[in-house]
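Summary of the model geometry
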Amino acid sequence: MSKSDKPVLITGGAGFIGSNLCRRLLAAGKQVVCLDNFLSGQRENIAELEGEAAFRFIEQDVVDEVEITPGEIYHLASPASPKDFEELALEIARVNSQGTMNMLELARRSGARILVASTSEIYGEPLEHPQKESYFGNVNSRGPRAPYDEGKRFAEAVSMAYYRKYGLDVRLVRIFNTYGPRMRADDGRVVTNFITQALAGKPLTLYGKGDQTRSFCYVDDLVEGFLRVMDNQQAAGEVFNLGNEGEYSVRELAEMVNKLIGNKAGTRDLPLLHEDDPTRRCPDASKAKELLAWQAAVPLEEGLKRTIEWFKSIG
Ligand code: NAD
Ligand code: UDP
């Protein structure tokens, strides 16, 4: 079987990004194997795919032996919401360390190409702005976000060790805040909280002063970026920031969501969830632009409209 006839494995495929990626790859005619243990994902995300001949679902933990021979692996398994960072601290540390090593070994045994999902969180509380891939970050290794941040930093380190030691065809993507259809309504992240609160006519919960910034990428843009990273022959051993370069304060996001939904309840101030909540975050995505001809195309207001419509459609 040639590499292109072998299935594509998506770990964390029942999650938000993974289930959007499953659909995109199926539409491109690929054989897709989705692996997930539903730690933070949901069966509804893949339920309608389960009847498709080109789709197979394996319910298991990614740290356990995986008995398939994929041609490509998108390794996305890991909870991603700060709401889970303390409750699921050990699961997060384990999936990003042992789980990532297991997938790198599988890629090595299978001769597969692997894309490992990292995060803008590896920049911590950044002292450089916007963040370029060359910036090493400023992370508190002992704080409540550390199992996630350091777990992803370990995932990057061990991926590069496999690249250097075995010549493994591995590529890394640092994902900046991504949103869109198939997020869990109760996942606790800012876009889902704001949309569900506004649709219920409630005030939007601003943690801290609301002047911390984020850059919000619509999921279709991210998935397009993933495909370009995976398909690029020169991307082995490389890391790419994928994110939207527009920077908004959380308060601006709240005002936009309230306006789009027509919610008159305003905002409500609450304390920060974690002392280490980054104050500013915005990608320098010029490397992806130059090497992959990729840039985020969907403006925040348009992406929010689509996401709001999706949440309305599921009730
Ligand atoms: P998600 O929680 O919706 O999806 C993650 C999926 O991984 C879930 O379906 C979950 O059940 C599964 N999973 C977790 N632990 C597992 C394990 N041990 N074995 C098997 N499956 C497991 O989150 P998401 O937003 O889709 O994130 C996907 C990936 O992208 C994660 O690696 C995350 O760290 C990364 N990321 C996401 C964002 C974002 O803004 N959405 C930003 C940065 C990085
Ligand atoms: N946030 C907020 N209200 C909420 C949820 C989140 O003000 O109901 C803030 C949070 O403190 C952070 C930003 O929004 O500064 C983004 O939070 P999210 O959990 O989406 O992801 P993060 O970028 O922190 O990983």
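Residues numbered from 1 in each chain as written. Chains lettered and ligands numbered in written order. Predicted model: local features only at pLDDT ≥ 70, side-chain atom pairs only at ≥ 80, totals over all residues. Heavy atoms only, no water.

**A word on the sheet that holds strand 6 (residues 170–175)**
Strand order in this open sheet of 7 strands is 3-2-1-4-5-6-11, and the pairing throughout is parallel. Where the open sheet ends on each side, the last strands, each with one partner, are strand 3 (55–59) and strand 11 (239–242). This sheet shows a mean twist of 20 degrees between the axes of neighbouring strands, independent of strand direction. Across 4 bridges, strand 6 lies against strand 11 in parallel orientation. When the bridges of strand 11 are listed, Val173 appears paired with Phe240. Packing of helix 1 (residues 16–27) onto the sheet brings it into contact with strand 1 (8–11), strand 2 (32–36), strand 3, strand 4 (72–75) and strand 6, and relative to strand 1 it is tilted by some 165 degrees. Contacts from helix 4 (residues 146–166) reach strand 5 (113–119), strand 6 and strand 11 within the one sheet, and its direction differs from that of strand 5 by about 150 degrees. (Pairing = 2+ DSSP bridges. Helix = DSSP H or I, 4+ residues; strand = E, 2+ residues; numbered from the N terminus. Axes fitted to C-alpha atoms, helices over the stretch in contact; angles between N-to-C directions. Contact = heavy atoms within 4.5 Å.)

**A word on helix 7 (residues 250–261)**
Taking 1.5 Å as the rise per residue, helix 7 with 12 residues should run 16 Å; its terminal C-alpha atoms sit 17 Å apart, in good agreement. Of all the positions in helix 7, only Val250, Leu253, Ala254, Met256, Val257 and Asn258 are classed as buried. (Expected span 1.5 Å × (residues − 1). Buried < 20%, exposed > 50% of the residue type's maximum accessible area, 1.4 Å probe, protein only.)

**Brief notes about the packing of helix 5 (residues 190–199) against helix 9 (residues 300–314)**
Taken N-terminus to C-terminus, the directions of helix 5 and helix 9 make an angle of 60 degrees; their axes are 11 Å apart at the nearest point. Our classification of the angle between helix 5 and helix 9 gives oblique. Along this stretch, helix 5 crosses helix 9, giving a crossing that reads as right-handed. Contacts between helix 5 and helix 9 involve Val191, Thr192, Ile195 and Leu199 on the former and, on the latter, Leu304, Thr307, Ile308, Phe311 and Lys312. (Parallel < 35°, antiparallel > 145°, perpendicular 65-115°, else oblique. Left-handed = near helix turned anticlockwise from the far one by under 90°.)

**As for the pattern of salt bridges**
Enumeration according to the criterion identifies 23 salt bridges in this entry. Between Glu65 and Arg109 there is a salt bridge, with its nearest N and O atoms 3.8 Å apart. Within this pair, whereas Glu65 is found in the loop between strand 3 and strand 4, its partner Arg109 is found in helix 3 (residues 89–110), the two being separated by 44 residues in sequence. Classification of Arg109 as partly exposed rests on a relative accessible area of 49%. One salt bridge in this structure joins Asp284 and Lys132, with 2.9 Å as the shortest N-O distance. Note that Asp284 is positioned in the loop between strand 13 (267–270) and helix 8 (286–292) and Lys132 in the loop between strand 5 and helix 4, a separation of 152 residues in sequence. Among the residues examined, Asp284 registers a relative accessible area of 11% and is labelled buried. By relative accessible area, Lys132 is classed as partly exposed at 41%. Linked by salt bridges that have partners in common, Arg24, Glu224 and Arg228 make up one network. (Salt bridge = Lys/Arg side-chain N within 4 Å of Asp/Glu carboxyl O.)

**Brief notes about the site of ligand 2**
Close to ligand 2 lie 17 residues; Asn177, Asn193, Thr205, Arg214 and Asp277 are nearest. With respect to ligand 2, the backbone of Tyr207 contributes an N or O atom lying 2.9 Å from an oxygen atom. Between ligand 2 and the protein, one listed contact pairs an oxygen atom with a side-chain N or O atom of Gln212 at 3.0 Å. Relative to its unbound accessible area of 520 Å², ligand 2 is 95% covered by the protein chains. (Near = heavy atom within 4 Å. Polar contact = N/O pair within 3.5 Å; in protein donor to acceptor, adjacent residues only side chain to side chain. Areas by Shrake-Rupley, 256 points an atom, 1.4 Å probe, with all protein chains shown as cover.)

**A closer look at the nonpolar core**
Of all hydrophobic cores here, the largest spans 58 residues; its most connected members are Ile10, Leu21, Phe55, Tyr74 and Phe226. Counting residues per element, this core draws most heavily on helix 6 (residues 219–231), at 7 residues. When neighbours within four sequence positions are excluded, Tyr74 is seen to be in contact with Val8, Leu9, Ile10, Thr11, Leu21, Leu25, Leu115, Phe226, Leu227 and Met230. Counting residues in each nonpolar core, the second largest holds 25 residues, with Val62, Val95, Ala112 and Ile114 among its members. (Core = buried A, V, L, I, M, F, W, Y, C linked by side-chain atoms within 4.5 Å.)

**A few points about the packing of helix 3 against helix 4**
Relative orientation and spacing of two packed helices are given, respectively, by the angle between their axes and the distance between those axes. Orientation of helix 3 relative to helix 4, taken along the N-to-C sense of each, is 15 degrees, at an axis distance of 8 Å. Judged by the angle between their axes, helix 3 and helix 4 are roughly parallel. As for how helix 3 packs across helix 4, the hand of that crossing is right-handed. Contact residues: Ala89, Ile92, Ala93, Asn96, Ser97, Thr100, Met101, Leu104, Glu105 and Arg108 in helix 3; Pro147, Tyr148, Gly151, Lys152, Phe154, Ala155, Val158, Ser159, Tyr162 and Tyr166 in helix 4. Considering only residue class, the contact of helix 3 with helix 4 consists of 12 nonpolar, 5 polar and 3 charged. (Nonpolar A, V, L, I, M, F, W, Y, C, P; charged D, E, K, R; others polar.)

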